[in-house]
Amino acid sequence: MDHKRKADFTKHFGTPESYFEELPGKVQERLQKPAIRRFPLRVPRFVFALSFLALIAFLVKPSEEALIENLDNDVVVEYLMARTDLAFVEESYVDYVELTESDATIDYLIQENLDLNTIIKEL
Amino acid sequence: MEHLSDQELLEGLRNPESKNYYFNLLCRKFQERLYWHIRRIVLSHEDADDLLQETFIQSWQKIHTFEERSQLSTWLIRIATNKCLDFLKKKRRFFFIPLIDVEKNLEEILEADSYFDGDEAEKKFQKALLSLPEKQRIVFQMRYYEDLKFTEIADILSLSEGGVKSNYHLAQKKLKDFLVDD
């Protein structure tokens, strides 16, 4: 180590001799410490990415109420239909809506928080 | 202890009863050389200190896998270099910092290094080094400062000898251009 480098090293970190004297001890000390479980760093990155996307999707997704409030009735009908996978329910519901097409009916259904199965039961 | 050969160190390290003692000797023998190797790559003392300790810890854990196809020093430099490259890679990935910021960060460390105070020529040279792509910079530093042979550098970086030579010559040319333009 040249003189200038040595003087600079000493100014900031102690003499190089003392630093290098202590280093093997520091390494031994670290070796004797139990390994720290770096849990988050061991999880595959794609798991983090998926969790992050899921969180974003969760935060961005509007509540059902907010969605319904902001939509017109036609869209509400489609939205409610999309919530069930029972084709006959959808058909029945469409018939019901077409037959009774009135804002008041739909508002009532939404306000009462009725799901499609309940609606069908009421038909 | 400086005069202990690789073979003597390895024999001591492979014996569980003397492993601790010989590991201490291994640290003492190679620590200074490894420290400056790491410090030239990451620039900051704190990072170099941490990476040096990690290098020794890994060598402790993996010494049984060392097949003696290269010198012990080459093997240790390879571990240290990989630690440095991983460190820089992690730094780049951290909070999606773009590539340029890490180089900028290294330049800031360089600016703050009082070793270069008043030594503008040396500082300019170090800045020129930082302008090189990472691999070229490391190859150049190993050859220029550590006087390693091309074959050793190739072994450390898992590159072909031709690849190392071409990286070195490209680095030389770019440094020359940088310093002339500046």
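Reading the values: rules and limits
Position labels on residues start from 1 in each chain and follow its written sequence. Ligands are numbered from 1 and chains lettered from A, in the order in which they are written. Local features in this predicted model are restricted to residues of pLDDT 70 or higher, and side-chain atom pairs are both shown and tallied only at a pLDDT of 80 or more, whereas totals for entire chains, interfaces and linings draw on every residue. Put simply, a nonpolar core is buried Ala, Val, Leu, Ile, Met, Phe, Trp, Tyr and Cys residues tied into one set by C-beta atoms within 7 Å. Whether a residue is buried, exposed or partly exposed follows from its count of other C-beta atoms within 10 Å of its own C-beta, namely 20 or more, 12 or fewer, or something in between, respectively; the C-beta atoms are built from the backbone. Segments assigned H or I by DSSP are reported as helices when at least four residues long, segments assigned E as strands when at least two residues long, and all are numbered from the N terminus. What marks off one domain from the next here is an automatic or database domain assignment. Placing a C-beta atom from the backbone of each residue, one calls two residues in contact when those atoms lie within 7 Å. Convention adopted: a line fitted to C-alpha atoms gives each axis, helices being fitted over their contacting stretch, and angles between N-to-C directions are expressed from 0 to 180 degrees. When an angle is under 35 degrees it counts as roughly parallel; over 145 it counts as roughly antiparallel; between 65 and 115 it counts as roughly perpendicular; any other value is oblique. It is the rotation of the near helix from the far one that decides the hand of a crossing: anticlockwise by less than a right angle makes it left-handed, clockwise makes it right-handed. Three classes are used: nonpolar for Ala, Val, Leu, Ile, Met, Phe, Trp, Tyr, Cys and Pro, charged for Asp, Glu, Lys and Arg, and polar for all others, with Gly counted as polar. Every residue is assigned a pLDDT by the predictor, reflecting its confidence on a scale from 0 to 100.

Whenever I open this one, the nonpolar core confuses me. Can you help?
One recurring pattern in soluble globular proteins: nonpolar side chains tend to sit buried together. All names here are of chain B. Judged by nonpolar contacts, the single largest core of 36 residues is most densely connected at Leu34, Ile38, Leu76 and Ala80. The element best represented in this core is helix α2 (residues 19-42), accounting for ten residues. Each of domain 1 (1-96) and domain 2 (113-182) gives at least three residues to this core. Those residues within four positions of Ala80 in sequence are excluded, and the remaining contacts are Leu34, His37, Ile38, Leu51 and Thr55.

When you look at the packing of helix α7 (residues 134-144) of chain B against helix α9 (residues 161-181) of chain B in this model, what are you seeing that I'm missing?
All names here are of chain B. Relative to each other, α7 and α9 sit at 95°, their axes nearing to 8 Å. Considering their axes alone, α7 and α9 lie roughly perpendicular with respect to each other. Along its contact with α7, which presents Lys135, Gln136, Arg137, Val139, Phe140 and Arg143, the element α9 presents Val164, Asn167, Tyr168, Leu170 and Ala171.

In this structure, what is going on with the packing of helix α3 (residues 45-62) of chain B against helix α4 (residues 72-93) of chain B? I would like to understand it.
When two helices pack together, you describe them by how their axes are tilted relative to each other and by the distance separating the axes. All names here are of chain B. Where α3 meets α4, the axes come as close as 9 Å, and the angle between the chain directions of the two elements is 130°. One finds that α3 runs oblique with respect to α4. At the point where α3 passes α4, the crossing takes the right-handed sense. Contacts between α3 and α4 involve Asp47, Leu51, Glu54, Thr55, Gln58 and Ser59 on the former and, on the latter, Leu76, Ile79, Ala80, Lys83, Cys84 and Phe87. Class assignment of the residues belonging to the contact of α3 with α4 gives a composition of six nonpolar, three polar and three charged.

Would you mind showing me how to read the confidence of the model for chain B here?
Low pLDDT means the predicted atomic positions in that stretch should not be read closely. Residue and element names in this part refer to chain B. Residues at a pLDDT of 70 or more form 90% of chain B, whose mean pLDDT is 85. By mean pLDDT, the top-scoring element of chain B is α3 (93), and the lowest-scoring one is helix α5 (residues 99-112) (70). Among the prediction metrics, the complex's ipTM stands at 0.74, with pTM recorded as 0.65.

How should I be thinking about the interface of chain B and chain A in this particular structure?
It is common to give the size of an interface as the accessible area that goes away when the parts come together. Every contact between the two is made by twelve residues of chain B and, on the other side, twelve residues of chain A. Classifying every residue of the side of chain B that touches chain A gives five nonpolar, five polar and two charged.

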